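Listed here are the chains, written in short residue letters.
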Amino acid sequence: MTQSVAERSTVDLAAGRFSYLEHGQGDPVVFLHAMGRNARDWLSVMEGLDGERRCIALDQRGHGQSVRPGTYSFEQLEADFREFVDALGLDQFVLVAHSMGSTVGWIFAEKTPARLNALIIEDTPVPTDGHKYPEVPVSPPEPVDYDWEVRRQLFGQLNSPDPAWRDNLTMVTSPTLLIAGSEDDELAETARILPDCELIIIEAGHWIHETESERFVMAVRSFIEAMAER
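Okay, so let's go over this structure.

Another aspect to go through is the overall build of the chain. Each helix and strand in the chain was counted, giving eight helices and eight strands. Rg of the C-alpha trace for the chain: 17 Å, near the compact-globule value of 17 Å for 230 residues, within the 12% margin. If you line up the chain on its principal axes, its C-alpha atoms span 50 × 40 × 35 Å. Looking at the 230 residues of the chain, the share that counts as buried comes to 51%. Of the roughly 10,400 Å² of accessible surface on the chain, a fraction of 47% belongs to carbon and sulfur atoms.

Given below as structure tokens:
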């Protein structure tokens, strides 16, 4: 297996020490992973951009090599992320996010859309009370490489999501690309609500950046370049 050229670094934030991967130079693109994954989940996308951007992928709290404080909420993850980009001096950047990371991204974008040159969301609408998740057992049925409390606490929050997450969607004024893995009514409705949004479908299921990596990278690159030309 070819070793990744991405470099790993750490930064100390209020919750503890956080780890992240970085690759390339140029305008920054920051990546947020799904629940149970970590920064390495984005390596193929980061390297697929051929070093033409400064790609940064964070291990969010409870995941990878970052701190595992035992307390988890989307608001805490968003606060971590905000502190992280501040610590790296990223005043403006592109954000690419998936699943759990997308919810963090939605909250960040609603609060400070002007900091985003573009927002790219992979197959994840804003959580609403239309979805109910099963109760998560106290212990994982098999070993996992992240803090199981992440799943227990965040699934509980997803079963009673903050209505403001949905109500504040019109505050996301940054250019937004929604990449859906299939036809999705919620994502289509989200695209209609957002002031500046494009929706594309890559028939690949929820893990588009894995199952259709080249097409995902092409969509990301094309959107970033189009936004830079505005």
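There is more to say after this.
Contact pair helix α2 (residues 74–87) / helix α4 (residues 148–158): the axes reach a minimum separation of 10 Å and the direction vectors enclose 110°. It follows from the interaxial angle that α2 and α4 lie roughly perpendicular. In this structure, α2 contributes Phe74, Glu75 and Leu77 to the contact, and α4 contributes Leu154, Gln157 and Leu158. Class assignment of the residues belonging to the contact of α2 with α4 gives a composition of four nonpolar, one polar and one charged.

This next bit is on the nonpolar core. Formed by 46 residues in total, the largest nonpolar core has its most connected members in Phe81, Phe84, Phe93 and Trp106. If you tally residues by element for this core, the top one is helix α3 (residues 100–111), at six residues. Every residue in contact with Phe81, bar those within four places of it in the chain, is listed here: Val30, Leu32, Leu58, Phe93, Leu95, Val104 and Phe108. Counting 27 residues, the second-largest nonpolar core is a separate cluster that includes Met46, Ile208, Phe216 and Ile224.

Bringing the side chain of Asp147 into the picture now. For Asp147, the location among the structural elements is in the loop between β6 (116–122) and α4. Despite being buried, Asp147 has no salt bridge partner; Arg68 is the closest side chain of opposite charge, sitting 6.1 Å away. Of note is the side chain of Asp147, whose polar atom sits 3.0 Å from the backbone nitrogen of Glu149. Those residues in contact with Asp147 that lie beyond four places of it in its chain are Gly62, Arg68, Gly70 and Tyr72.

Below, the discussion takes up the environment of Val144. Turning to its location among the elements, Val144 is positioned in the loop between β6 and α4. Considering only alpha carbons, one finds Val144 and Met218, 74 residues apart in sequence, at a separation of 32 Å.

The next point concerns the sheet that holds β6. Strand order in the open sheet formed by eight strands is β1-β2-β4-β3-β5-β6-β7-β8, with mixed pairing between adjacent strands. Looking along the sheet, the strands with just one partner apiece sit at the ends: β1 (7–13) and β8 (197–201). When strand polarity is set aside, the average angle formed by the axes of neighbouring strands in this sheet is 20°. Sitting on the sheet, helix α8 (residues 213–228) is in contact with β3 (28–32), β5 (93–98), β6, β7 (176–180) and β8, with an inclination near 155° to β6.

Quick notes on the rules
Residues numbered from 1 in each chain as written. Predicted model: local features only at pLDDT ≥ 70, side-chain atom pairs only at ≥ 80, totals over all residues. Heavy atoms only, no water. Helix = DSSP H or I, 4+ residues; strand = E, 2+ residues; numbered from the N terminus. Rg over C-alpha atoms; globule rule 2.2 N^0.38 Å. Buried < 20%, exposed > 50% of the residue type's maximum accessible area, 1.4 Å probe, protein only. Areas by Shrake-Rupley, 256 points an atom, 1.4 Å probe, with all protein chains shown as cover. Axes fitted to C-alpha atoms, helices over the stretch in contact; angles between N-to-C directions. Parallel < 35°, antiparallel > 145°, perpendicular 65-115°, else oblique. Contact = heavy atoms within 4.5 Å. Nonpolar A, V, L, I, M, F, W, Y, C, P; charged D, E, K, R; others polar. Core = buried A, V, L, I, M, F, W, Y, C linked by side-chain atoms within 4.5 Å. Lys, Arg positive; Asp, Glu negative; His and termini not counted. Salt bridge = Lys/Arg side-chain N within 4 Å of Asp/Glu carboxyl O. Polar contact = N/O pair within 3.5 Å; in protein donor to acceptor, adjacent residues only side chain to side chain. Pairing = 2+ DSSP bridges.

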